[in-house]
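Structural features, examined
For reference, the chains in residue letters:
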Amino acid sequence: MLMTGKEYLESIRDGRTLYVGREQIADQTRHPAFAGGARTYAALYDMKSDPALRDLMSIAGRYSAYYLQPRSQEDLRRRNRAHRKIAEFCFGLMGRTPDAVAGNITGLSMKPEVFDAEPGGNRSNLLKIYDHMRRDDIFATYAIVPPPAARNKEYYQAQGLQQPALRVTAEDDKGVTLNGMKMLASGAAYAHEVLIGNVMPLAPDQLKESITCVIPLNLPGLSLWSRRPFNRADAIEFDEPLTYRFDESDCMLVFKNVEVPWEKVIVHDNPGLSRNIYIQTPSHVMANHQCNVRFGTKLRFMVAMVTLIARAT
């Protein structure tokens, strides 16, 4: 069912570990650096659940419209209208609104047979995750690239150092244990869950880095390291209205012995499949649909702003 803004704010007070520099953020919905963004997302949830917008923003009033699996041109237009309403809500300035990664997950669910084509894929887990996200109105982000330095594994081998890229370091009957780093999770301070994966090609010997899963952001051992927020404690909304409302933040994810249950894993020990799921299903295309709608909205906003400046001049 659709969440309200109040329910959303309560749902992200989940005990996650979030840092800005050396400061640990106890409650991102109240901290000055994050509260403006949290209120914006909450207002978006209220807008999305408004009965007056039910036909536009939901599927039969039960699921957010961006979880619709399009099977026709009209379905695509329906998704387009929902994306545009959300983009216009924030002038196209927030890239990781709830409809963004929902596009990836919905696209994966539209061609689940890709997960049956090779060892390591789990079709059943994928479909259950999609159903959970749709049913519970989940806001997900993604972290699908390694830290830049980790892309040169020869450097770490020459130095005798452990490569920092995220990898599976242990397995048992319950699931996998993850260690390492993943980036760049825009909106992770505000999202419920994160898609961990690999959009860049992996070498055949990178089996343990090919882990792909969808996990809550409050798992023990997982910490979120935010870039310095644009919004400051002394910021005044009147002076900085865009920064005050629309800084979605970006986070590096650091894993220290994070235990992930098998039911959250959708690709394991298959480097090729861990990337191909995005291009052999509609996943990448669906996500780019949202991106293009947002960029169009942002362009119109920028043109309007420069037009007003030109007229004032």
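As paired elements, strand 6 (residues 167-171) and strand 7 (residues 175-186) share four bridges and run antiparallel to each other. Following the sheet pairing, E171 is matched in strand 7 by V176. In textbook terms, the turn of a hairpin is the stretch between consecutive antiparallel strands, and for strand 6 and strand 7 this stretch comprises three residues.

Take the environment of V114 next. By secondary structure assignment, the location of V114 is in the loop between helix 5 (99-109) and helix 6 (123-135). With relative accessibility at 6%, the residue V114 sits in the buried group. V114 sits 176 residues away from Q290 along the chain, and the two C-alpha atoms are 23 Å apart. Setting aside anything within four residues of it in sequence, one finds V114 in contact with L273, I277, Q280 and T281.

On to the side chain of H31, then. Examined against the element boundaries, H31 turns out to sit in the loop between strand 2 (23-24) and helix 2 (32-48). A polar contact of 2.9 Å, which involves the side chain of H31, links it to the side chain of E23. Not counting the four nearest positions on each side in its chain, H31 is found in contact with E23 and I25.

With mixed pairing, the six strands of this open sheet are ordered in space as 2-1-10-11-7-6. The sheet terminates laterally at strand 2 and strand 6, the two strands that pair on one side only. With nine bridges joining them, strand 7 and strand 11 (residues 250-261) adopt antiparallel strand pairing. From the neighbouring strand, G180 faces strand 11, where its bridge partner is F255.

This part covers the environment of K174. Along the chain, the position of K174 falls in the loop between strand 6 and strand 7. The spatial distance from the C-alpha of K174 to the C-alpha of P261 is 5.6 Å, given a sequence separation of 87 residues. Those residues in contact with K174 that lie beyond four places of it in its chain are V260, P261 and W262.

So, about empty space enclosed by the protein. Using the criterion set out here, one finds one cavity of 30 Å³ or more in the structure. For the largest cavity, the calculated volume is near 30 Å³. Lining the largest cavity we find H83, I86, A87, C90, M94, T97, D99, Q290 and R294. Listing elements by their share of the lining of the largest cavity, those giving two or more residues are helix 4 (73-89) and helix 10 (283-312). For the lining of the largest cavity, the leading source of residues is helix 4, giving three residues.

Tallying each qualifying case throughout the model produces 18 salt bridges. One salt bridge connects D14 with R16, and the closest N-O pair in it is separated by 2.8 Å. The partly exposed category is assigned to D14, whose relative accessible area is 21%. A salt bridge links E171 to K208; its shortest N-O distance comes to 2.7 Å. Taken together, the residues span a long stretch of sequence, with E171 in strand 6 and K208 in the loop between strand 8 (193-196) and strand 9 (212-216) at a distance of 37 residues. On the basis of relative accessible area, E171 is assigned to the partly exposed category, the value being 39%.

What follows covers the nonpolar core. Y8 and L253 are the most contacted members of the largest nonpolar core, which has 42 residues in total. At the level of secondary structure, the elements contributing two or more residues to this core comprise helix 1 (5-11), strand 1 (17-20), helix 2, strand 7, strand 8, strand 9, strand 10 (222-226) and strand 11. Per-element tally for this core: the top contributor is helix 2, with six residues. In this view, L253 contacts A143, G180, M181, K182, A185, V194, I196, L217, L222, S223 and L224; residues no more than four positions away in its chain are not counted. By size, the runner-up hydrophobic cluster in this structure holds 29 residues, among which are M47, A65, L195 and I277.

Glancing now at the side chain of H83. One can find H83 in helix 4. For H83, a relative accessible area of 2% puts it in the buried group. Side-chain polar atoms of H83 contact the side chain of D99, separated by 2.8 Å.

A separate point is the packing of aromatic side chains. Remark: the centre distance and the inter-plane angle together describe each pair of aromatic rings, the angle taken between the planes. In this structure the tally under the stated criterion is 10 aromatic pairs. Pairing Y8 with Y41 gives two aromatic rings, centres 6.5 Å apart and planes at 55°, and the pair type is tilted. With Y8 in helix 1 and Y41 in helix 2, the pair connects residues that are 33 residues apart, well separated along the chain. With respect to class, Y8 is no different from Y41; both count as buried. Within the aromatic cluster, the residues linked to one another by ring pairs are Y8, F34, Y41, Y45, F139 and Y190. Its end group placed over the ring of Y142, R96 keeps NZ or CZ at 4.5 Å from the ring centre. The ring of F230 carries R227 above its face, with NZ or CZ at 4.3 Å from the centroid.

Thresholds applied
- Residues numbered from 1 in each chain as written.
- Predicted model: local features only at pLDDT ≥ 70, side-chain atom pairs only at ≥ 80, totals over all residues.
- Heavy atoms only, no water.
- Pairing = 2+ DSSP bridges.
- Helix = DSSP H or I, 4+ residues; strand = E, 2+ residues; numbered from the N terminus.
- Buried < 20%, exposed > 50% of the residue type's maximum accessible area, 1.4 Å probe, protein only.
- Contact = heavy atoms within 4.5 Å.
- Polar contact = N/O pair within 3.5 Å; in protein donor to acceptor, adjacent residues only side chain to side chain.
- 1 Å grid on protein atoms, 1.4 Å probe; cavity = no way out; pocket = protein on both sides within 12 Å on 5 of 7 lines; lining within 4 Å.
- Points joined across faces, edges and corners; volume = space filled by probe spheres on them.
- Salt bridge = Lys/Arg side-chain N within 4 Å of Asp/Glu carboxyl O.
- Core = buried A, V, L, I, M, F, W, Y, C linked by side-chain atoms within 4.5 Å.
- Phe/Tyr/Trp six-rings, centres within 6.5 Å; stacked < 30°, edge-to-face > 60°.
- Lys NZ or Arg CZ within 6 Å of the ring centre and 35° of its normal.

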